[in-house]
Amino acid sequence: MLAPRFLTDIPNETGPLGRWQAGHDMLLTIRSLTKSFPGTKALDGVDFDLAAGEVHALLGENGAGKSTLIKCLTGAYRRDAGEMRLEGRAISPSSTSEAQELGIGTVYQEVNLLPNLTVAQNLTFGREPRRFGLVNGRLQKLQAQEMVQGYGLNIDVGRDLSTYSVAIQQIIAIARAVALSGKVLILDEPTASLDAAEVRMLFDVVRGLRDRGLGIVFVSHFLDQVFDLTDRLTVLRNGQHVVTERTTDVDRLQLIHHMLGRDLETVETPGHTEAGDVVQRPEMLRFSGIGRAGVVDPFDLTVHKGEVIGLAGLLGSGRTESAELLFGLRRAQTGEARDANGPVAIDTPQAAIAAGFGFAPEDRKTDGIVADLSVRENIILALQAKRGWARPLPRAEQDRLAADYIKRLDIRTPDAEKAIGDLSGGNQQKVVLARWLAMNPRFLILDEPTRGIDVGAHAEILKLIDRLTEDGMAVLVISSELDELVVAADRIIVVRDRRHVTELTGAAVTTDTIMQAIAAEDTPPLREGVL
Amino acid sequence: MGRLPGIRGYPVAIHRTTKGGTMNPRTFPLLATIAIFLMAYAICSAQYPTIFSTRVAGNLLTDNAYLGITAVGMTLVILSGGIDLSVGSVIAFSGVFIAVMLRDTGLHPLIIFALLLLVTTAFGAAMGGLIDILAMPPFIVTLAGMFLARGVAYMLTIDSVPISHDFYTYLQKAYYLMPGKGRLTFIGVLMLLTVLVGMIVAHRTRFGASVFALGGGVATARLMGVRVRRTTVQIYAFSGFMSGLAGIVFSIYTGSGYPLAAVGTELTAIAAVVIGGTLLAGGAGYMFGTLIGVLTMGLIQTYIVFDGSLSSWWTKIVIGVLLLSFILLQKGLVHLSTRRQGVRT
């Protein structure tokens, strides 16, 4: 029987993916994509489909494999295994420009155009119209004007790119990518530095391009934006494909479960401390109203002796920024810190260290360790910095400290003189811990202490944190691994959209409650005074 | 969140949606250079009216011809975010090379010029290649080039070698008599032509766009399709060619080759480029500004000669002050524009 012609246009509702279910008419198909780096499998057999005329969100926490997938797609990395097809043809781009020629263009969070060239130069770069071998400036401007038409921009293409706002630069970057590639557009965190009005402007542009039939991959950690803009979403976790669904079929809580990798049914055992235990501990530090415009809204935090506080939230929620404010890496605009003896200055890291704070940053490789220095040198680094370089720590003392911490923290290294870069991630993390322990801090902040560490070492680090608090040291742990937070922390503070929204204590500390707090739509900001 | 993207201190200015309006802040340093030059010329002329004559103007071009040509090469290098410290030594090497070749072989000067330009261009290209392949800072590579070229000049001769050739005498005497008895010499015209070529190369070719792109940020330039290695080699080859040409002009100007000549010219050239309004960090500037920078420095020298009682060291002091004020001007522009940007957020 002949079906009426229009019926073929009706979305096929039989599968969970609707009209995008069929694989054969996909613009881009990726099958079993695998990419390993020494020590980690960044992508492990990932599948991904992109249809023409859809905006497809690619989601996942840090280390989920989003950027590796994109880098394979844009030719920055060569894949180890798997298959990529664009319009049915197998592709394997070896450079960004090759990917561009194939039709895959990328726009990054940090605008990858040249601020010192004019808009017209940026748009036509590499393809400038020429007359007698010389660039024809008039024609160049005309062409550029044409390229930005339809993007709703009223700009002078003869001016330097840097004279325009980031949002406009972002749209110009999109215009260039579309003109150069025209099939697949990858937007990698394009909204990270835009305000709400600018985001709307950008989204209008993206929707326009979708309606013109482009396939758009949208990477973002702003879930509101994902729900607002995208048609489908794919979640990756630990280098593996978790789920691909229509955006309208997913709710926020489910999505967060997918991203953080917990099932609703799994109810974890409560934290290791009994409810009420916290208040019995003597108060050590009280931060009140610490905040900075555009970074984190003012928040209060009371730290007790010997407690472990967890800071939970999605990537980009303001959890790392909170820690940076507490340690003086970012200067707080409001608020103050006090201890039993009065105000504590935390304007600079130096001041924070002098006040007995320690901070092990998230990116261990670039901010935490000095890869070429030995284990011993890395351990004494902070201690030596505090003494001043004019008074070197005696070598015997250094050796003693190094030997002591290698033993106490069970750092697996052939000897103290081994370059730290040669150790495994878990052992590097222990050395960073040792560095701060040597300072004998009262308040230690650990940002993602188990990131990039093999599973066995996770438990060890957690045990170590527990042991540290026995002597009265307070620890603030930031982690995406919720069950680790549940095990390690006495209290959990949930951060969302740059605000501290909820505090969970005692029996309330479960992965379930944390996730609900993260997924909740609107809660008043957490100020202890208000509560 | 901080506002993007003030890459390497390049002025970030206010957001605009209206067309036209105020001037492009990129031109401020150039306009400042021109204003300072005109003001200085007016002040000098007011005190010594003869300075305002084609004679002085002609001499200004002739005396600074070699510096101007060197500075054209240097401008391109600095625009790309690099530096070329070898130019002074290459000028000295060129003079010695020409003088010794003329003395010891029967070759015509034009053939020797061609040979020399080949050598200096290849020398520059080699430095550019090393900078890119070894990912070495241009400062170090060209510093080595500076010692190398000076050393080779000494190897050829340790004395000043006079040049006497009919063709040279012809070039030295070639001039166009301007109204007011000012002499527009061959080397002066050559310098102006070089600046013109430099302007076209920097502002009107794809190669020039790539040079600005490198100055704006190597990683971004690569993403936008700049062939970084080829461009780097070409930039330093261009500078090598210009130093060779400057060496030829210098040998015509002095009529000799001397291995100790042009010591410190690289720094004078860098000063001229910066006074000409080019950002020392690269990515912004105008070739024409460099000409004005060279002429400003020449004017100061002329003034001191006219005055007669001032020590020639005053030239250095004034240039030092000028240089400092230009760096401050550029910093000020960056500061001003980022602050305006900040208000918007």
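- Under an unreviewed UniProt entry, the name given to chain B is Monosaccharide ABC transporter membrane protein, CUT2 family, and the organism recorded is Puniceibacterium sediminis.
- Regarding chain B, the UniProt comment filed under Subcellular location (unreviewed entry) reads as follows: "Cell membrane".

- Chain A appears in an unreviewed UniProt entry as Monosaccharide ABC transporter ATP-binding protein, CUT2 family from Puniceibacterium sediminis.

1. Quick word on the overall build of chain A
- When helices and strands are counted, chain A shows 18 helices and 22 strands.
- Out of the 531 residues in chain A, the part that is buried amounts to 55%.
- In chain A, the proportion of contacts linking residues at least 24 apart, taken out of those at least 6 apart, comes to 67%.
- As displayed, chain A has an accessible area near 22,500 Å², and 49% of this comes from carbon and sulfur atoms.

2. Some points on the sheet that holds strand β22 (residues 499-505) of chain A
All names here are of chain A.
- Read across the open sheet, the 6 strands follow the order β18-β19-β20-β15-β21-β22; overall the sheet is mixed. Where the open sheet ends on each side, the last strands, each with one partner, are β18 (357-360) and β22. Across this sheet, the average inter-strand angle for adjacent strands is 20 degrees, counted without regard to direction.
- Bridge count between β18 and strand β19 (residues 443-447): 4 bridges; the pairing is parallel. Residue pairing for β19: Ala360 is matched across the bridge by Leu446.
- Helix α15 (residues 425-437) contacts β18 and β19 of the sheet and is inclined by roughly 165 degrees relative to β18.

3. Overview of the sheet that holds strand β6 (residues 104-107) of chain A
Residue and element names in this part refer to chain A.
- Read from one edge of the open sheet, 6 strands run β6-β9-β10-β3-β11-β12, paired in mixed fashion. The open sheet has two edge strands with one neighbour each: β6 and β12 (240-246). Averaged over all neighbouring strand pairs, the angle between strand axes comes to 20 degrees, with direction disregarded.
- Here strand β11 (residues 232-237) runs beside β12; their pairing, made up of 6 bridges, is antiparallel. Bridging across to β12, Thr234 finds its partner in Thr244.
- Seen against the sheet, helix α5 (residues 166-180) touches β6 and β9 (184-188) and runs at an angle of roughly 170 degrees to β6.

4. Details of the pattern of salt bridges
Residue and element names in this part refer to chain A.
- In the structure shown here, the tally under the stated rule is 29 salt bridges over all chains.
- Of the charged contacts in the structure, one is a salt bridge between Arg400 and Glu397, with a shortest N-O distance of 3.3 Å. Here Glu397 and Arg400 lie together in helix α14 (residues 395-408), a separation of 3 residues that amounts to about one turn.
- Assessed through its relative accessible area of 46%, Arg400 is described here as partly exposed.
- Residues joined by salt bridges that share partners form a network here, namely Arg376, Arg395, Asp399 and Glu417.

5. Here we look at the pairing of strand β13 (residues 283-292) of chain A
Residues and elements named next belong to chain A.
- Where β13 and strand β14 (residues 296-304) come together, 6 bridges link them in antiparallel fashion. Its bridge partner lying in β14, Glu283 is registered against His304.
- The turn linking β13 back onto β14 is made up of 3 residues, and Gly294 within it adopts a positive phi angle of 80 degrees.
- Relative to strand β16 (residues 334-339), β13 is paired through 5 bridges, and the arrangement is antiparallel. Bridging across to β16, Arg286 finds its partner in Arg338.

6. Structural notes on the packing of aromatic side chains
Residues and elements named next belong to chain A.
- Within the structure shown, the criterion is met by 13 aromatic pairs over all chains.
- Considering the side-chain rings of Phe327 and Trp436, the 6.1 Å spacing of their centres and the 85 degrees angle between planes classify their relative orientation as edge-to-face. Highlighted residues: Phe327 in helix α10 (residues 319-327) and Trp436 in helix α15, separated in sequence by 109 residues.
- Since its relative accessible area comes to 4%, Phe327 is described here as buried.
- Among the residues examined, Trp436 registers a relative accessible area of 7% and is labelled buried.

7. So, helix α2 (residues 54-63) of chain B
- Listing the buried residues of α2(B) in full gives B:Val56, B:Gly58, B:Leu60, B:Leu61 and B:Thr62.
- Those residues of α2(B) hidden inside the fold are in contact with α3 (65-79), β3 (183-185), α8 (186-204), α11 (228-254) and α13 (287-307) of chain B.

8. What about the environment of A:Ser479?
Residue and element names in this part refer to chain A.
- Its place among the elements puts Ser479 in the loop between β20 (474-478) and α17 (482-488).
- A residue is classified by how much of its surface remains accessible, and Ser479, at 2% relative accessible area, is buried.
- For the pair Ser479 and Gly310, spaced 169 residues apart in sequence, the C-alpha to C-alpha distance is 7.5 Å.

9. Describing helix α5 (residues 109-133) of chain B
- In this model α5(B) runs 35 Å from its N-terminal to its C-terminal C-alpha over 25 residues, within 8% of the 36 Å that 1.5 Å per residue would give.
- Trailing α5(B) by a residue or two, B:Ala135 shows a phi angle of about 50 degrees, which is positive.

Cut-offs applied
Residues numbered from 1 in each chain as written. Chains lettered and ligands numbered in written order. Predicted model: local features only at pLDDT ≥ 70, side-chain atom pairs only at ≥ 80, totals over all residues. Heavy atoms only, no water. UniProt positions renumbered as here; feature names shortened; annotations may be inferred. Helix = DSSP H or I, 4+ residues; strand = E, 2+ residues; numbered from the N terminus. Buried < 20%, exposed > 50% of the residue type's maximum accessible area, 1.4 Å probe, protein only. Contact = heavy atoms within 4.5 Å. Areas by Shrake-Rupley, 256 points an atom, 1.4 Å probe, with all protein chains shown as cover. Pairing = 2+ DSSP bridges. Axes fitted to C-alpha atoms, helices over the stretch in contact; angles between N-to-C directions. Salt bridge = Lys/Arg side-chain N within 4 Å of Asp/Glu carboxyl O. Phe/Tyr/Trp six-rings, centres within 6.5 Å; stacked < 30°, edge-to-face > 60°. Expected span 1.5 Å × (residues − 1).

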